[in-house]
Amino acid sequence: MSAATRARRLDETASITVFEKGPYVGYANCGIPYALGGVIKDETALILQTPNSFKARFNIDVHTNSEVMSIDPEKKTVEVITDGLAPTHHSYDKLILAQGAEPFRPPIEGSNLPNVFTLQTIPDLEHAKNYIAKNDCKSVAIIGGGFIGIEVADALKELGLQVSIIEYTPHVFPQLDADITEVLHTEIRRNGVNLLLNARIQRIEATTPYASSQVIVAHGGPVPADLVLLVVGIRARTALAKQAGLEIGKTGVTVNEHLQTSNSDIYAVGDMVETPHLITNTNLQLTLAGPANRQGRMAADNIFSRNEVYRPNVGTLACKVFNLTVASTGLSVHQLQKMGKACQWVTVHPPDHAGYYPGSSPLTLKVTFDPITGALLGAQAVGVKNVDKRIDVLSLALQTHLTIFDLEHLELAYAPPYGSAKDPVNMAGFVGSNVLRGDVKIVHAGQLNLDENEYQIVDVRSPGEFAGGHLPGAVNMPINSLRQHLDRLSTSKPVLVYCQVGYRGYLGYRILVQNGFDVVNLDGGYKLVCQAGLKALQQKDEDKMDVDVEQTLLVDTDGKLRSHVDLPSPTSPTSPKPKYNGTTYFVSPTYVGPTSTTPIVPVTTTTETATGAPAYIGPTNSDPEGCIAGLVREKVADTHVVDAESEDCQASVAEPGLESDF
């Protein structure tokens, strides 16, 4: 309908006729999942126009329930059957095909049961809603974990249904990267959805006649389903184009830059066509509403001699996943690697707006670029708020051929409630530019194999953060004390340094590399390790702890770093013997470590004792970070504790009065 209304605006005298196979025109099918779940209360709100309104406002003749059966390109006519009556023939000067795509029905036994539905049109919506109401459905199985499947699951939970998602691939949103989607898995399950991944459906079988069923999955129990929704993708509608002898590509109808098919008087637009992709440099089907609407408008422009050229797509999209939003543009890392294209990427976790302003929440932003030129190749983001805003900026950056270096210079709207002086997009630019300029070398968590003992692993977070989990084999050397303990590391073996999100790791990298060490920083920090579900890279020492205490370095008075050793027994008769908990506490003969009643003992300064026992220079109530100055622990006034989620990626979050930067 975008094409028809644009044509009318360009020519008031043209005869414009639309044939629609179904009963509705001008409806918002993107809202169907939310109407099914009752988020949109009245489904008629999705019907934006009717045949009568099109006629009244645009003088366009719209025929519903009218299917075009064939095209005769030589005679320039179409054969139409309306409401099952005898065929009629209509002539045209120019013809636009906008038939979209049809749901893919996988060859699953039982997929024709009466409680199995697809969900693409308003009639699909009406049938599913009526079935739910009539049969008092309690459970639904959604086959497919793409955008529609997730949106439907989100909406149906609002109805109080028991929801299962059955996805064939290892993660939902298969086009995205696993380290982004793992966050979504956590959110989906947190909201009570039964999520099955790598699932192989054997059949759908009825459990009661015409009322209920169960989905039988290999290597798993049956999934109860009063209702089954098949949302496993779509296929371009090409049958009519094939009948007309038009050229068909691998995924849709072939069109040129003016959206003309192989017959210059026939145009095709929307989900049924292949259009150029900016990154792949190939023609692909793109099933997104925005490009489809623009294509319709442009086809009308070109029919009336505007000579518009359709620009390549970058595939920008966003989706609500319960309380999170995920969005992407361009290609993911796994898509680029699959096509053999070299790429580098960086991951940052800044807050969505200034950390000191109420309501701030972290987001994860992953930006991919060419490892030589820095040309942007894609971006993915997940978070609670303002995710789409950042991906929209990066989509425009992709379309205008910007590089990772250009992101450093983008001037974006800022006020504390809306953003940061250094926007997350800027931050990704800073980090990526540092990588390409050689200011830092990074390693990605998915590339690590710590069993090979390749690195000395240094965790520069606070002791409390370290206690919550760390890389196996890591030693905790908080960033504020790192310079004082460089002699405990060997320059003959590479060092892997990391923090929670990357910034303190970067600071540690700069300190170490300028002191002669071969260093890499962990991209995305330990937070990404946890978000991505990389269990093999996570270790906690809870089994070695008697009390829940923070950790710090253990340094003997001879200056050697001690780890994986027993501590001296406390001299206090009322205190339990503290067990080693990773890199633990210092204990002097007068025992100033934690007790069962005081997990962190307030100590201002503790010096080396005359007997040569190790001095306690660990954390205290007044200094939870356990800052170290030589072998004497100096109290640091007003120490700022960095939140493990937002960390010091954000100005005014790292230290009061000190702005952090990459």
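Rules and cut-offs
- Residues numbered from 1 in each chain as written.
- Predicted model: local features only at pLDDT ≥ 70, side-chain atom pairs only at ≥ 80, totals over all residues.
- Heavy atoms only, no water.
- Helix = DSSP H or I, 4+ residues; strand = E, 2+ residues; numbered from the N terminus.
- Buried < 20%, exposed > 50% of the residue type's maximum accessible area, 1.4 Å probe, protein only.
- Contact = heavy atoms within 4.5 Å.
- Areas by Shrake-Rupley, 256 points an atom, 1.4 Å probe, with all protein chains shown as cover.
- Patch = residues over 30% accessible without salt bridge, like charges linked within 9 Å, V, L, I, M, F, W, Y side chains within 5 Å.
- Salt bridge = Lys/Arg side-chain N within 4 Å of Asp/Glu carboxyl O.
- Core = buried A, V, L, I, M, F, W, Y, C linked by side-chain atoms within 4.5 Å.
- Phe/Tyr/Trp six-rings, centres within 6.5 Å; stacked < 30°, edge-to-face > 60°.
- Lys NZ or Arg CZ within 6 Å of the ring centre and 35° of its normal.
- Pairing = 2+ DSSP bridges.
- Axes fitted to C-alpha atoms, helices over the stretch in contact; angles between N-to-C directions.
- pLDDT = per-residue confidence, 0-100.
- Polar contact = N/O pair within 3.5 Å; in protein donor to acceptor, adjacent residues only side chain to side chain.
- Left-handed = near helix turned anticlockwise from the far one by under 90°.
- Nonpolar A, V, L, I, M, F, W, Y, C, P; charged D, E, K, R; others polar.
- Expected span 1.5 Å × (residues − 1).

Each helix and strand in the protein was counted, giving 15 helices and 30 strands. Relative to its full complement of 662 residues, the protein shows a buried share of 52%. When contacts within the protein are restricted to residue pairs at least 6 apart in sequence, those whose partners lie at least 24 apart make up 61%. For the protein, the accessible surface area stands at approximately 29,000 Å², while carbon and sulfur atoms represent 50% of it.

Taken together, Tyr 356, Tyr 357 and Tyr 414 make up a surface patch of nonpolar side chains, about 330 Å² in accessible area. Looking at the secondary structure, you find Tyr 357 in the loop between strand E23 (344-348) and strand E24 (363-369). Looking at Tyr 357, the relative accessible area reads 35%, which means it is partly exposed.

Moving on to the nonpolar core. Residues Leu 365, Val 367, Leu 482 and Leu 512 are the most contacted members of the largest nonpolar core, which totals 50 residues. Within the second largest apolar cluster, 44 residues are counted, among which are Tyr 131, Leu 156, Val 163 and Val 321.

A complete count under the given rule lists 19 salt bridges for this structure. Salt-bridge contacts for Asp 301 lead to Arg 6; the nearest nitrogen and oxygen are separated by 2.7 Å. Of the two residues, Asp 301 is situated in helix H8 (residues 289-303) and Arg 6 in helix H1 (residues 2-10); the sequence distance between them amounts to 295 residues. Residue classification places Asp 301 among the buried positions, given a relative accessible area of 6%. The exposure class of Arg 6 is buried, given its relative accessible area of 12%. Here Lys 138 makes a salt bridge to Asp 136, at a shortest N to O gap of 3.3 Å. Salt bridges sharing common partners tie together Lys 76, Lys 94 and Asp 265.

Under the defined criterion, the tally for this structure stands at four aromatic pairs. Over the aromatic face of Phe 104 sits the side chain of Arg 235, whose NZ or CZ is 4.1 Å from the ring centroid.

Attention now goes to unusual backbone geometry. One non-glycine residue with positive phi stands out, namely Asn 59, at about 55 degrees. Mapped onto the fold, Asn 59 is located in the loop between helix H3 (51-58) and strand E2 (61-63).

Taken together, three strands build an open sheet; the order of strands is E3-E4-E5 and the sheet is antiparallel. Pairing within the sheet leaves two strands with one partner each, and these edge strands are strand E3 (66-72) and strand E5 (88-91). Direction aside, the axes of adjacent strands within the sheet are offset by 30 degrees on average.

For the protein, mean pLDDT is 84; residues scoring 70 or higher make up 81% of the total. Confidence drops under a pLDDT of 50 for residues 543-660, and excluding neighbours within four residues, the segment shows 255 contacts in the predicted structure.

Moving on to the side chain of Gln 344. For Gln 344, the location among the structural elements is in strand E23. A polar contact is formed between the side chain of Gln 344 and the side chain of His 444, at a distance of 2.7 Å. Apart from residues no more than four positions distant in its own chain, Gln 344 is found in contact with Val 367, Thr 368, Phe 369, Pro 371, Val 435, Ile 442 and His 444.

Within the fold, Glu 205 resides in strand E12 (residues 201-208). Take Glu 205: its relative accessible area is 25%, and that puts it in the partly exposed class. For the pair Glu 205 and Leu 113, spaced 92 residues apart in sequence, the C-alpha to C-alpha distance is 8.2 Å. The residues contacting Glu 205, other than those within four sequence positions of it, are Leu 113, Ser 213, Gln 214 and Ile 216.

Okay, the packing of H1 against H8 next. Contact pair H1 / H8: the axes reach a minimum separation of 7 Å and the direction vectors enclose 35 degrees. Every pair of crossing elements has a handedness; the one defined by H1 and H8 is right-handed. Counted together, Ser 2, Ala 3, Arg 6, Ala 7, Arg 9 and Leu 10 of H1 and Asn 293, Gly 296, Arg 297, Ala 300 and Asp 301 of H8 form the full contact between these two elements. Partitioned by chemical class, the residues of the contact of H1 with H8 number four nonpolar, three polar and four charged.

On to H8. For H8, which comprises 15 residues, the first-to-last C-alpha distance of 22 Å matches the rise-based estimate of 21 Å (1.5 Å per residue) to within 8%. Those residues of H8 lying buried are Pro 291, Gln 295, Gly 296, Met 298, Ala 299, Ala 300, Asp 301 and Asn 302. Taken from the residues just after H8, Ser 305 is the one with a positive phi, measuring 65 degrees.

Take the environment of Lys 366 next. The topology assignment puts Lys 366 in strand E24. It is 9.3 Å that separates the C-alpha atoms of Lys 366 and Ser 328, two residues lying 38 residues apart in sequence. Among residues more than four places away in sequence, those in contact with Lys 366 are Asp 177, Asp 179, Ile 180, Val 333, Trp 345, Val 346, Thr 347, Gly 378, Ala 379 and Gln 380. Separated by 3.0 Å, the side chains of Lys 366 and Asp 179 make a polar contact.

Attention now goes to the environment of Gly 144. Along the chain, Gly 144 turns up in the loop between strand E9 (139-143) and helix H5 (147-157). The class of Gly 144 is buried, set by a relative accessible area of 5%. Residues Gly 144 and Phe 173, spaced 29 residues apart in sequence, show a C-alpha to C-alpha distance of 9.2 Å. With residues up to four places along the chain from it excluded, the contact list for Gly 144 reads Gly 149, Ile 165, Ile 166, Glu 167, Val 231 and Val 232.

Moving on: the sheet that holds strand E27 (residues 456-459). Hydrogen bonds between backbone atoms are what pair the strands of a sheet, whose relative direction is either parallel or antiparallel. The parallel open sheet is built from five strands, whose spatial order is E26-E30-E29-E27-E28. A strand with exactly one partner marks an edge of an open sheet, and here the two such strands are strand E26 (442-443) and strand E28 (475-476). In the packing of helix H14 (residues 503-513) onto the sheet, contacts are made with strand E29 (495-498) and strand E30 (519-522), and the angle to E30 comes to roughly 180 degrees.

For the rest of this paragraph, the subject is helix H4 (residues 122-135). In a regular helix each residue adds 1.5 Å, so 14 residues correspond to 20 Å; H4 covers 20 Å between its end C-alpha atoms and thus fits that length. The set of residues buried in H4 consists of Ile 122, Asp 124, Leu 125, Ala 128, Tyr 131 and Ile 132.

Moving on, we get to the pairing of E5. Here strand E4 (residues 77-82) runs beside E5; their pairing, made up of four bridges, is antiparallel. Within E5, the residue paired with Val 80 across the bridge is Thr 88. Linking E4 to E5, which pair antiparallel, is a turn of five residues; within it Asp 83 sits at a positive phi near 55 degrees.

One can find Ser 212 in strand E13 (residues 212-217). At a separation of 2.9 Å, a polar atom in the side chain of Ser 212 contacts the side chain of Asp 226. Apart from the residues lying within four places of it in its own chain, the contact partners of Ser 212 are Asn 115, Tyr 131, Ala 206, Thr 207, Ala 225 and Asp 226.

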